[in-house]
Amino acid sequence: MLDFFTIFSKGGIVLWCFQGAGVTESFTGPVNALIRSVILQERSGNNSFTHEALSLKYKLDNEFELIFVVGFQKILTLTYVDKFIDDVQLHFRDRYKNELEQKGALKLLNNNFEFEDDFKMLLREAEESSKARTHTYMRSFKESEKSQKTVKSMIETKGGDKGKGQGGKKNKNTKKEAPAAEPAKVDQGKATSSGPKMVENGNQGLTPEEVIQKKREEFFRKRMGGTIEKPSKSPKPQKPREKQMRVWDMGGSSTKDLDYSVRNGDSSPNGGESNQEAQIDPGMQVSSMEGDLLPVDYESSEEGDMGEEDERVVVNETSKSSSKKGGSFGGMFGMLKGLVGSKSLTCEDMEPVLEKMRDHLIAKNVAADIASQLCDSVAKKLEGKVMGTFTTVASTVKQALQDSLVQILQPKRRVDILRDVMEAQSQRRPFVITFCGVNGVGKSTNLAKISYWLIENGFTVLIAACDTFRAGAVEQLRTHQRRLNSLHPPEQHGGRPVVQLYEKGYGKDAAGIAMEAIAYARNQAFDVVLVDTAGRMQDNAPLMTALAKLIAVNMPDLVLFVGEALVGNEAVDQLVKFNQALADHSMSDKPRLIDGIVLTKFDTIDDKVGAAISMTYITGQPIVFVGTGQTYNDLRSLNARAVVSALMKA
């Protein structure tokens, strides 16, 4: 029934494996796919994975850094697999505990793990237990309760209705009388101090020892964490932070600085529009962008207020739980237990911290589903792991979540566009980049920024105006082309303009224009072709079909999805439907999907950078460019650690 079962360390050393009878194919392919797609990408919240015709179940043992994987045919329904993999893990740990505690790859390689007999015994027991379960059959009508009822019992009479009404009135009266009886009970409880339960301010249901313990914990908390403000019944609403007036670097402080009418009149009639704009607009004198892009940076501290508050909450909760069990000395020992690494982590220990982390991620603009999946993955990753000395549960969970987020944001493959363009040059063909996305996210603006970056690195660019739908789209690209050529005059490049626009007007077929532009770039020896497409919503089927046709016909080297950093849950829907449309309308077995992401308007979100996590988690593709402003040199590469630092900041 099982195709294979393997046990290996997180370092990649296979300790033991089993292959089913009649199975000739190697299990390395499915297991490597599981490692690449799930474990390395921090997607271990769900313990199942599908690879071609196989279904894989896996379990992480974080104490000994082991992974247990079982594979079977997808068409089979094996109900015993989950319990079976748990039993194998426990037996393997118990039998080879001493060998597993010896850390080091060489020691694991030298050990001989003979586990076949135990494995077959456990497999036989699991299969027999699944067969022994009795099948439940549907009851006949005579065996049901409905057959015992008579027709008369199912007819409601007027008297019965009246009785029900009287009963309802009685119930209402009793409900009204019940609150009046409660104060008498409370007064009685205050009068009797020798009773088994003591009722005080907020201490209902606590024994005298527990009340004393609670007061002792409050005293320790005040001494360690400072004075605690008593929460008022009606807290005063905090005043919202006023919006600061933005001061533009290129803008003047007076109206005289903004008056360009005099300079407009001084322009010579023979001077072209490009020279006129170069003289008028001081913002066009942008700095050089030669070489690799600068990374996005944030001025945020690694240790935010959130971490300290979470640690304090976790220490208090562990002390409360231990005080109920351990009597009067539970408070002090509870604090030490929350700090000292005395036991392995369980889901109950991590649940309050992960709940706070989940809410924090959602507040930072991470999609709700992805925040839940990330927290589940962290719980699987830490369950059973022994904590270090003098570390709290909150700090351990926070560090694991930070590592997971950095791993998600870091690219899974090489992203070096300059090198790819040079390789295309050696093959005497243009490097083609297609931009797609929803309406108004900044596709044309960021296309111009990327054009400027490529020009600064010595490449010639052809812009294909394939947005034949939006009014003014071609004119916008023509303006960018004119301004870029004014920054890099043709006289400096042998009389040839470094940027040209290929356009056929409006209402034409976008796929045909792109094909003609690529052929023109090949004949005229352009280095890069940037294809600008029309903005479209992910639910618009005709436009999504046209986009899939453009990509399938022209086969660009890079398909970039342009998305706003302002979106939250919408980012998931956009990317999933864009990828689905490209896959559905493709004519090949291996369709071209989104290869990378351009994240725009990153300067408008402060530290709510959750959209970056949502987009990379859904697609598994890297964020190639980040737009951070209005000018041509406001283009950055993604700094994963800086973004995660801003995300975890309270």
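Just above, that's the structure.
What counts, and at which threshold
Residues numbered from 1 in each chain as written. Predicted model: local features only at pLDDT ≥ 70, side-chain atom pairs only at ≥ 80, totals over all residues. Heavy atoms only, no water. Helix = DSSP H or I, 4+ residues; strand = E, 2+ residues; numbered from the N terminus. Buried < 20%, exposed > 50% of the residue type's maximum accessible area, 1.4 Å probe, protein only. Contact = heavy atoms within 4.5 Å. Areas by Shrake-Rupley, 256 points an atom, 1.4 Å probe, with all protein chains shown as cover. 1 Å grid on protein atoms, 1.4 Å probe; cavity = no way out; pocket = protein on both sides within 12 Å on 5 of 7 lines; lining within 4 Å. Points joined across faces, edges and corners; volume = space filled by probe spheres on them. Pairing = 2+ DSSP bridges. Axes fitted to C-alpha atoms, helices over the stretch in contact; angles between N-to-C directions. Phe/Tyr/Trp six-rings, centres within 6.5 Å; stacked < 30°, edge-to-face > 60°. Salt bridge = Lys/Arg side-chain N within 4 Å of Asp/Glu carboxyl O. Core = buried A, V, L, I, M, F, W, Y, C linked by side-chain atoms within 4.5 Å. Domains from an automatic or database assignment.

Undergrad: What should I look at first to understand the overall build of the protein in this one?
TA: What the protein contains, in helices and strands, is 22 helices and 13 strands. Here the protein, with 650 residues, has 41% of them falling under the buried criterion. When contacts within the protein are restricted to residue pairs at least 6 apart in sequence, long-range pairs at least 24 apart make up 73% of them. Roughly 37800 Å² of accessible area belongs to the protein as shown, and the carbon and sulfur atoms make up 52% of that amount.

Undergrad: Please clarify how empty space enclosed by the protein should be interpreted in this entry.
TA: In this approach, a probe sized like a water molecule rolls over the atoms, and the result shows the empty space that is left. Evaluated as defined, the whole model comprises one cavity of 30 Å³ or more. When its volume is computed, the largest cavity comes out at roughly 30 Å³. Lining the largest cavity we find Gln41, Arg43, Ile408, Lys412, Thr616, Tyr617 and Gly620.

Undergrad: Which parts of the structure should I look at to understand the environment of Phe469?
TA: With respect to the secondary-structure elements, Phe469 resides in the loop between β7 (461-466) and α17 (473-487). With 39 residues separating them in the primary sequence, Phe469 and Lys508 have C-alpha atoms 8.6 Å apart. In this structure Phe469 touches Tyr506 and Ala534, once residues within four positions along its chain are discounted.

Undergrad: Whenever I open this one, the sheet that holds strand β2 (residues 14-19) confuses me. Can you help?
TA: Strand pairs in the sheet, formed through backbone hydrogen bonds, run parallel or antiparallel to each other. Pairing within the open sheet is antiparallel, and its five strands lie in the order β2-β1-β5-β4-β3. For this open sheet the edge positions go to β2 and β3 (48-51), each flanked by a neighbour on one side alone. Looking at each pair of strands side by side, their axes are set apart by 15° on average, direction ignored. Strands β1 (2-9), β3, β4 (54-61) and β5 (66-73) of the sheet are contacted by helix α1 (residues 28-39), whose axis makes an angle of about 125° with β3. Along the sheet, helix α2 (residues 81-95) contacts β1, β2, β4 and β5; its crossing angle with β4, the most-contacted strand, is approximately 40°.

Undergrad: Hey, could you run me through the packing of aromatic side chains in this one?
TA: Working definition: an aromatic ring pair is given by the centre-to-centre distance plus the angle between the planes. Following the criterion strictly, the structure yields 16 aromatic pairs and no others. With a centroid separation of 5.5 Å and an interplanar angle of 90°, the aromatic rings of Trp16 and Phe115 are classed as edge-to-face. Taken together, the residues Trp16 in strand β2 and Phe115 in the loop between α4 (105-110) and α5 (116-132) connect sequence positions 99 residues apart. For Trp16, a relative accessible area of 8% corresponds to the buried category.

Undergrad: What exactly am I supposed to notice about the pairing of β2 here?
TA: Direction of pairing for β1 relative to β2: antiparallel, over a ladder of five bridges. When the sheet's bridge partners are listed, Ile7 is paired in β2 with Trp16. In textbook terms, the turn of a hairpin is the stretch between consecutive antiparallel strands, and for β1 and β2 this stretch comprises four residues, one of which, Gly12, has a positive phi near 100°.

Undergrad: Would you mind showing me how to read the pattern of salt bridges here?
TA: Here the idea is simple: oppositely charged side chains can pair when their charged atoms come close. Enumeration according to the criterion identifies 20 salt bridges in this entry. The partner of Asp86 in a salt bridge is Lys59, and the shortest N-O contact between them spans 3.5 Å. Placement of Asp86 in helix α2 and of Lys59 in strand β4 is noted, with a sequence separation of 27 residues between them. For Asp86, a relative accessible area of 30% corresponds to the partly exposed category. Ionic pairing is found between Asp118 and Arg95, a salt bridge with its closest N-O pair at 2.6 Å. Taken together, the residues span a long stretch of sequence, with Asp118 in helix α5 and Arg95 in helix α2 at a distance of 23 residues. Among the charged side chains, a salt-bridge network with shared partners connects Asp61, Glu63 and Arg93.

Undergrad: Explanation requested: the sheet that holds strand β9 (residues 528-533) in the structure shown.
TA: One open sheet accounts for eight strands, arranged β8-β7-β9-β6-β10-β11-β12-β13; its pairing is mixed. In the strand order of this sheet, the two ends are held by β8 (499-502) and β13 (635-636), each with one partner. Pairing analysis gives five bridges linking strand β6 (residues 431-437) to β9, with the strands arranged parallel. The residue bridging Phe435 from the neighbouring strand is Asp532, located in β9. Seen against the sheet, α17 touches β7, β8 and β9 and runs at an angle of roughly 165° to β8.

Undergrad: Just to check I follow, could you spell out the nonpolar core for this structure?
TA: Where a protein is soluble and globular, its nonpolar side chains tend to be buried together. Among the nonpolar cores identified, the biggest contains 116 residues, and Leu405, Ile417, Ile433, Trp453, Leu454, Phe602 and Phe625 are the most heavily contacted of them. No other element matches helix α14 (residues 393-409), which puts nine residues into this core. Each of domain 2 (343-409) and domain 3 (417-641) accounts for three or more of the residues forming this core. Formed by 27 residues, the second largest nonpolar core is a distinct cluster that contains Phe5, Phe84, Phe92 and Phe113.

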